[in-house]
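# Summary of the model geometry
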Amino acid sequence: MEFTLMGIKLGDNQYGKAEVRLVHVKRDTPVHQIKDVNVTSQLRGDLEEVHTVGDNSKCLPTDTQKNTVYAKAREWGGVGAIEDFALRLARHFVDEHEYVYGARQEIQEYSWDRIATAKGPHDHAFSRNGAETRTTVVNKDGDKEWVVSGFEGLTVLKSTGSEFHGYPKTRYTTLPETNDRILATDVTARWRYVGTEHDFDKSYASVRALCLEAFAETHSLALQQTLYAMGTAVLEAHPEIAEIRFSMPNKHHFLVDLSSFDLDNPNEVFFAADRPYGKIEATVERDDAPEAGDAWKAVPGFV
Ligand SMILES: O=c1[nH]c(=O)c2[nH]c(=O)[nH]c2[nH]1
């Protein structure tokens, strides 16, 4: 039923608990495994009345959604690949509650390394591994399911093997052409899977490795070219991925002028600027990719 009041009606909506922090310790052997995740659960459904008249009879509380995340981590014996956990949560919410039609489950995963001691890798002591985060957003509407995965904060730099020249010059151009510069960026990538039955851990490790390899091995004439090489490498190796989107800041490193001190600077001393930065974004996709449907619905976006 649609509730209208003076030509006003409720549009798209979803609700849930944001950023449920969950650490799962697998402790069936003395060598513990930890999984550290941040889950945002959101549901869509029969939600007109809660908005229009405050009738909560079909509003599964956000508190219950939060508790479900913790309880399922126990009942299912851990989290596993974040994509599988998100899919199982989405299916649970939609299948178990007739007033819930759709779900969006977003998960970030923070990775930990075992601390290396003089006696070897420690059984139950870990150190946080950088700022990089693995991400997934699962959207489910009725029987349709979409998985978008990725990473954020993969910081990379190459100290040579990058040029930038041949661009148009206007009266406002001051940038000198260069045949040798530092190329540095924090890669955010998101890719859309075709289907939901994959070894997501394996795909993730391979996509990450292919991006690093392409960044390192591409002799870059522009960050845009490096981005495209990364995307191409991923799509060539992964038929289960339909498209990959990147957002990559060009983190400028400016050569410092040391001539006032009677010093030359043969590409050794740089000022690492934090802003402004170039913002390079693009999608690399297959010609014959199946329709995206609602895969990107409410995925924090770029391009
Ligand atoms: O790789 C680059 N791409 C650009 O579009 C650009 N623009 C700019 O000023 N420097 C660079 N570098």
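Note that the structure is predicted; figures quoted are calculated from it, not measured.

### Quick notes on the overall build of the protein chain
The helix and strand inventory of the protein chain stands at five helices and 10 strands. Overall, the C-alpha framework of the protein chain stretches about 75 × 65 × 40 Å when taken along its three principal axes. In the protein chain, the proportion of contacts linking residues at least 24 apart, taken out of those at least 6 apart, comes to 67%. By element, 52% of the accessible surface of the protein chain is carried by carbon and sulfur atoms, the whole surface being about 16,800 Å². Charge centroids of the protein chain, computed over 34 positive and 48 negative side chains, lie 4 Å from each other.

### Quick word on the UniProt feature "binding site: 5-hydroxyisourate" (unreviewed entry) in the protein chain
Residues annotated in UniProt with the feature "binding site: 5-hydroxyisourate" (unreviewed entry) correspond here to Thr62, Asp63, Phe164, Arg181, Gln224 and Asn250. Across 189 residues, the annotated set is spatially dispersed, with a maximum C-alpha separation of 52.3 Å. Inspection of the secondary structure puts Thr62 in helix α2 (residues 62–75). Accessibility expressed as a relative area gives 25% for Thr62, which makes it partly exposed. Those residues in contact with Thr62 that lie beyond four places of it in its chain are Tyr15, Gly16 and Lys17. Within the secondary structure layout, Gln224 lies in helix α5 (residues 223–237).

### Let's talk about the UniProt feature "binding site: urate" (unreviewed entry) in the protein chain
Here, UniProt's "binding site: urate" (unreviewed entry) annotation points to Thr62, Asp63, Phe164, Arg181, Gln224 and Asn250. At 2.9 Å, the side chain of Thr62 and the side chain of Lys17 are in polar contact. Within the fold, Asn250 resides in strand β7 (residues 241–250). Owing to a relative accessible area of 10%, Asn250 belongs among the buried residues under this scheme. Those residues in contact with Asn250 that lie beyond four places of it in its chain are Arg181, Leu183, Ala184, Leu223, Tyr277 and Gly278.

### Structural notes on the packing of aromatic side chains
Tallying each qualifying case throughout the model produces six aromatic pairs. Measuring from ring centre to ring centre gives 4.9 Å for Phe164 and Tyr167, while their planes differ by 20°; the resulting arrangement is stacked. Taking the relative accessible area as the measure of exposure, Tyr167 reaches 13% and is therefore buried. Members of the aromatic cluster, connected to one another through ring pairs, are Phe151, Trp191 and Tyr204. Over the aromatic face of Tyr167 sits the side chain of Lys169, whose NZ or CZ is 4.5 Å from the ring centroid.

### A look at the sheet that holds strand β6 (residues 183–193)
Judged by pairing direction, the sheet is antiparallel, and its eight strands sit side by side in the order β1-β2-β3-β4-β5-β6-β7-β10 without closing on themselves. Each having just a single partner strand, β1 (15–26) and β10 (278–285) make up the two edges of the open sheet. Neighbouring strand axes in the sheet, compared pairwise and without regard to direction, differ in orientation by 20° on average. As paired strands, strand β5 (residues 144–158) and β6 are joined by nine bridges and run antiparallel to one another. What sits directly across from Phe151, in β6, is Ala189. The strands touched by helix α3 (residues 82–96) are β1, β2 (33–45), β3 (100–117), β4 (120–141), β5 and β6; relative to β4, the strand with the most contacts, the crossing angle is about 45°. Most of the contacts of helix α4 (residues 200–217) go to β5, to which it runs at about 35°, and overall it touches β4, β5, β6 and β7.

### Considering the site of the ligand
Around the ligand sit Phe164, Leu175, Arg181, Ala222, Leu223, Gln224 and Asn250, and those are all the residues in its vicinity. Within the side chain of Arg181, an N or O atom sits 2.8 Å from an oxygen atom of the ligand. Contacts to the ligand include Asn250, whose side-chain N or O atom sits 3.2 Å from a nitrogen atom. In the complex, the protein chains occlude 71% of the 290 Å² of accessible area that the ligand would expose alone. For the shell around the ligand, the residue count by class is four nonpolar, two polar and one charged.

### Topic: the side chain of Ser247
Looking at where Ser247 falls in the secondary structure, it is placed in strand β7. By relative accessible area, which is 10% here, Ser247 ends up buried. In terms of polar contacts, Ser247 uses its side chain to reach the side chain of Glu281, at 2.8 Å.

### Some thoughts on the domain arrangement of the protein chain
Structurally, the protein chain comprises domain 1 (12–142) and domain 2 (154–303). A C-alpha centroid distance of 30 Å is found between domain 1 and domain 2. Contacts between domain 1 and domain 2 engage 16 residues on the former and 15 residues on the latter. Interface area for domain 1 against domain 2, summed over the two sides, is near 1,200 Å², with a carbon-plus-sulfur share of 46%. Across the contact surface, domain 1 and domain 2 share three salt bridges. Of the charged contacts, one joins Asp201 and Arg134 as a salt bridge, the two residues approaching to 3.0 Å between their closest N and O atoms. At the boundary of domain 1 and domain 2, one finds five residue pairs in polar contact (both at pLDDT 80 or more). Counting residues per element, the side of domain 1 that touches domain 2 draws most heavily on β4, which supplies seven residues. Tallied by class, the residues present in the side of domain 1 that touches domain 2 amount to three nonpolar, four polar and nine charged.

Definitions and limits used
- Residues numbered from 1 in each chain as written.
- Predicted model: local features only at pLDDT ≥ 70, side-chain atom pairs only at ≥ 80, totals over all residues.
- Heavy atoms only, no water.
- Helix = DSSP H or I, 4+ residues; strand = E, 2+ residues; numbered from the N terminus.
- Contact = heavy atoms within 4.5 Å.
- Areas by Shrake-Rupley, 256 points an atom, 1.4 Å probe, with all protein chains shown as cover.
- Lys, Arg positive; Asp, Glu negative; His and termini not counted.
- Charge placed at Lys NZ, Arg CZ, Asp CG, Glu CD.
- UniProt positions renumbered as here; feature names shortened; annotations may be inferred.
- Buried < 20%, exposed > 50% of the residue type's maximum accessible area, 1.4 Å probe, protein only.
- Polar contact = N/O pair within 3.5 Å; in protein donor to acceptor, adjacent residues only side chain to side chain.
- Phe/Tyr/Trp six-rings, centres within 6.5 Å; stacked < 30°, edge-to-face > 60°.
- Lys NZ or Arg CZ within 6 Å of the ring centre and 35° of its normal.
- Pairing = 2+ DSSP bridges.
- Axes fitted to C-alpha atoms, helices over the stretch in contact; angles between N-to-C directions.
- Near = heavy atom within 4 Å.
- Nonpolar A, V, L, I, M, F, W, Y, C, P; charged D, E, K, R; others polar.
- Domains from an automatic or database assignment.
- Buried area = accessible area lost by both parts, 1.4 Å probe.
- Salt bridge = Lys/Arg side-chain N within 4 Å of Asp/Glu carboxyl O.

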